[in-house]
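Close look at the chain arrangement
For reference, the chains in residue letters:
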Amino acid sequence: MTQRALDPSGDEPNRSPIPSGTERPVMIDAGSELDPVHPVEPPAPGGGRGLTAAEVAERIARGEVNDVPVRSSRSLREIVHANVFTRFNLIIGVLWVIMLSVAPIQDSLFGFVIIANTGIGIVQEWRAKKTLDSLAVIGEAKPTVRRDGVAAEISTSEIVLGDLVELGPGDKVVVDGSVAESDSLEIDESLLTGEADPVLKRPGDPVMSGSFVVAGGGAFAATKVGREAYAAQLAEEASRFTLVQSELRSGISTILKYVTWMMIPTAIGLILSQLVVDEHNFRASIARTVGGIVPMIPEGLVLLTSVAFAIGVVRLGRKQCLVQELPAIEGLARVDIVCLDKTGTLTEGGMDVTEVRALNGTDEPYLRRVLAAFGASDPRPNASLQAIIDAYPVPDGDGWGVTQSLPFSSARKYSGAAFDEDGGQSSGWLLGAPDVLLPEDDPALTEIEQLNRQGLRVLLLARVEGPLDAPGIGTGGEPSALIVLEQRLRPDAQETLAYFADQRVATKVISGDNAVSVGAVAAKLGLPGAEHPVDARRLPTDPDEMATAMEENAVFGRVTPQQKREMVAALQSRGHTVAMTGDGVNDVLALKDADIGVSMGSGSEATRAVAQIVLLNNSFATLPSVVAEGRRVIGNITRVATLFLTKTVYSVLLAILVVCFQVDYPFLPRHLTLLSTLTIGIPAFFLALAPNKERAHPHFVRRVMRYAIPSGTIAAVATFATYLLARHYYVGPGSLDAETSAATLTLFLVSMWVLAIIARPYTWWRICLVAAMGLAFLIVLVVPWLQNFFALKLVGAQMPWTAVGIAVVASAALEYAWRLVSRRFPA
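Predicted model only: the values in this text are computed from it and were never measured. (Residues numbered from 1 in each chain as written. Predicted model: local features only at pLDDT ≥ 70, side-chain atom pairs only at ≥ 80, totals over all residues. Heavy atoms only, no water.)

So, the packing of helix α22 (residues 669-688) against helix α24 (residues 735-758)
Packing of α22 against α24 leaves a shortest axis separation of 9 Å and a crossing angle of 10 degrees. With respect to their mutual orientation, α22 and α24 come out roughly parallel. Residues His-671, Leu-672, Leu-675, Leu-678, Thr-679, Pro-683 and Leu-687 of α22 pack against Thr-740, Thr-744, Leu-747, Phe-748, Ser-751, Met-752, Leu-755 and Ile-758 of α24. In the contact of α22 with α24, the residues fall into 10 nonpolar, 5 polar and no charged. (Axes fitted to C-alpha atoms, helices over the stretch in contact; angles between N-to-C directions. Helix = DSSP H or I, 4+ residues; strand = E, 2+ residues; numbered from the N terminus. Parallel < 35°, antiparallel > 145°, perpendicular 65-115°, else oblique. Contact = heavy atoms within 4.5 Å. Nonpolar A, V, L, I, M, F, W, Y, C, P; charged D, E, K, R; others polar.)

As structure tokens, then:
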């Protein structure tokens, strides 16, 4: 049986993963079972060796393999289907077919634009899928399976029925099974049952996929694999693909729903009015009717949102950041509080023993033997125990036998082991947090606090008598030594904390370690408020009072896993959007409940399973890139959505005005295709990919529509006013083309002013972008063949300059309206 890691430090193990395909010997055979305080039995001959190679091959031939795919993204077929078969593509497709049969090809350009947009969407999402899938393979959990008596890591999909799967702290149960070995095995099934208390598992007890180990170790035999493991499917859905609230997507869906409701009656009215007005030219009336319907559809908004998310995934993928749920990019952009676990986040995994101080006259050579035995009892040591192993290796052939074991628990803050020493003597020991194992008035705590203030980590080794899990055993031991560990600060942590401070994102450090020690580490990194660390054992239990304490302080120590969860909930109750980072099993509950969970790639399987974002390079410094990418996507989509919806508003209003005044619709499809391309399509693409550091704000629909409605209204009124004046000014053959050209000029100039407002604050490339769009329209007006192609020719001087004057007045009205809206209707 494989022994588990005992972490006396207050934080969970941060094991270095075994490379896939490597083998390691089984330390103790499975014939024995080690319950919390029962002595180790001698291993049964040949027991627990797992399946043989022949048995594995036989089960593979029968199809008894865990072949349920775990995908991080949609398949290519689903991507194509989602991008092609949309409601608006159907509407535009029908209109395109109509236009191809009744009008010149230039009036059908909008159809080719939709084809190009759909292709771009498919290509970008396919690129994102390949990035996600490749990163998912890197970050995939690799369970340890014992076959022919040898343990090796394999892919989850390679597990067969009857495989003996080993478990240790932080490991996720990947298939349903039955416990074969139990070394004080405690499993958390909260992701499946909602019960937060760990369940002690003994041989024969069932285990369900999706649960994870919080303490102890052991192994289980797979009883259900593949599609038969119903619990596995539920667990994957609950733990890996939990729904992240995407206000952006739900807001766009709401907008599209209202647009559809407005579009249907308006389009019907427009069709009837054009057939009545131009009863002698059926083809022309159809063309102008389609020209009025097509711009009502904000088809590019959905595409641009998908492309922005997809490009964000690709960009983050290049930085070894796996986004397991696309809306997580949006969620992290809205975060205003980041809760950090100290170990593995602010500090690196490795530690060094700087000093061992003997207490109560304990013999130092004997202490070295005890510490060596503690280290040797664990085949997969964590950082703190590895430091002890490095400092006190076991002399060759001089190890003590382990007779009892007490697994580490984050709630208990200590672990224990009992040994058969030389000469037939036995001893029991606890290794853990001094302020938990010592009474509050113990004079040694003063000395320990001085060490903690230096940012050092201190463990207490205490000798105890009796069963290791006896009531009160934690406070009844004889202190024997203080082990002083020095933690290694991450070189990039200070810069990352400074970034969050600059972006007005509050940082809270919550750790299982001593509060003073955590505060000292945070102070070294320049975290504001680190000089006043709070011991979580003294926090109020009332959620409202806890929320107040969380908002007023920055560093918290001696935090239990359940408290981490309560802290996240308390902050959320005050309206905060909370991100939680962690790598240990004690972080799982908080990661699950946080708005956004961020796990380190080297963290436990359980944390990677529940997190929406996994930092595969284990670098805390990647987090600012994730936040920045989220802000870029959300901030820019909010900007460009105003462009698209301004077009929808003025298109609907123009159609209504045309119906009310019973006149020809002023535009052909080619005119609005040109306007949409120059004032929306091309600029929106560049603006959506531009840097944007502004924190995402809530109420997406309200923020967008408060500008789109007045902008679209002003554009529609100005354009229709120009059109009516032109109808009275121009007479005779070709007058409709001249009227259309004047109205197009006004609408272009007003739309350009909307673009100019949205492009603020100006940079050199934004100015060039706006100027280039204006120059492109000017070229269309002066190049003869482009004039003919787009049916745009300004006639005379008086009416074109009148159109320009109306556009100037409308632009001034736009400026006033935007400033008024910003003051009267803040988002």
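Considering the environment of Glu-125
Following the sequence through the fold, Glu-125 ends up in helix α4 (residues 109-138). Between the alpha carbons of Glu-125 and Val-314 there is a distance of 9.4 Å; along the sequence they are 189 residues apart.

Points about the sheet that holds strand β21 (residues 596-600)
Taken in spatial order, the 8 strands of this open sheet run β9-β22-β21-β20-β10-β17-β19-β18, and their pairing is mixed. Lying at the two open borders of the sheet, with one neighbouring strand each, are β9 (321-323) and β18 (534-535). As defined by bridge partners, β9 adjoins strand β22 (residues 613-615) across 3 bridges and the pair is classed as antiparallel. When the sheet's bridge partners are listed, Cys-321 is paired in β22 with Leu-615. (Pairing = 2+ DSSP bridges.)

Focus on the pattern of salt bridges
Using the criterion set out here, one finds 22 salt bridges in the structure. Asp-513 serves as the salt-bridge partner of Arg-457, at 2.9 Å between the closest nitrogen and oxygen. With a gap of 56 residues between them, Arg-457 in strand β15 (residues 457-464) and Asp-513 in the loop between β17 (506-510) and α16 (515-524) connect regions that are remote in the sequence. With a closest N to O distance of 2.5 Å, Arg-760 and Glu-815 form a salt bridge. (Salt bridge = Lys/Arg side-chain N within 4 Å of Asp/Glu carboxyl O.)

So, the packing of aromatic side chains
Counting across every chain of the model gives 13 aromatic pairs. Aromatic side chains Tyr-729 and Tyr-730 sit 5.0 Å apart centroid to centroid with 85 degrees between the ring planes, which places their arrangement in the edge-to-face category. Overall, Tyr-729 belongs to the partly exposed group, its relative accessible area being 38%. Cluster of aromatic residues (ring-pair linked, three or more members): Tyr-366, Trp-400, Phe-419 and Trp-429. When the ring centre of Tyr-258 is taken as origin, the NZ or CZ atom of Lys-257, which lies over that ring, is 5.6 Å away. (Phe/Tyr/Trp six-rings, centres within 6.5 Å; stacked < 30°, edge-to-face > 60°. Buried < 20%, exposed > 50% of the residue type's maximum accessible area, 1.4 Å probe, protein only. Lys NZ or Arg CZ within 6 Å of the ring centre and 35° of its normal.)

Examining the nonpolar core
If you look at the biggest cluster of nonpolar residues, it comprises 128 residues, and the most contacted ones within it are Leu-332, Ile-613, Phe-620 and Phe-777. Counting residues per element, this core draws most heavily on helix α21 (residues 623-661), at 16 residues. Leu-539, Ala-547, Ala-549 and Met-580 belong to the second largest nonpolar core, which has 27 residues in total. (Core = buried A, V, L, I, M, F, W, Y, C linked by side-chain atoms within 4.5 Å.)

Side note on the confidence of the model for the protein chain
In the predicted model, the protein chain carries a mean pLDDT of 80, and the fraction of residues at 70 or more is 86%. The secondary-structure element of the protein chain with the lowest mean pLDDT is strand β1 (residues 23-25), recorded at 36, while helix α25 (residues 764-782) shows the highest, at 94. The low-confidence segment residues 1-47 (pLDDT under 50) makes 164 contacts with residues lying over four places distant or belonging to another chain. Counting interchain partners and residues more than four positions distant, the pLDDT-below-50 stretch residues 234-244 has 34 contacts. (pLDDT = per-residue confidence, 0-100.)

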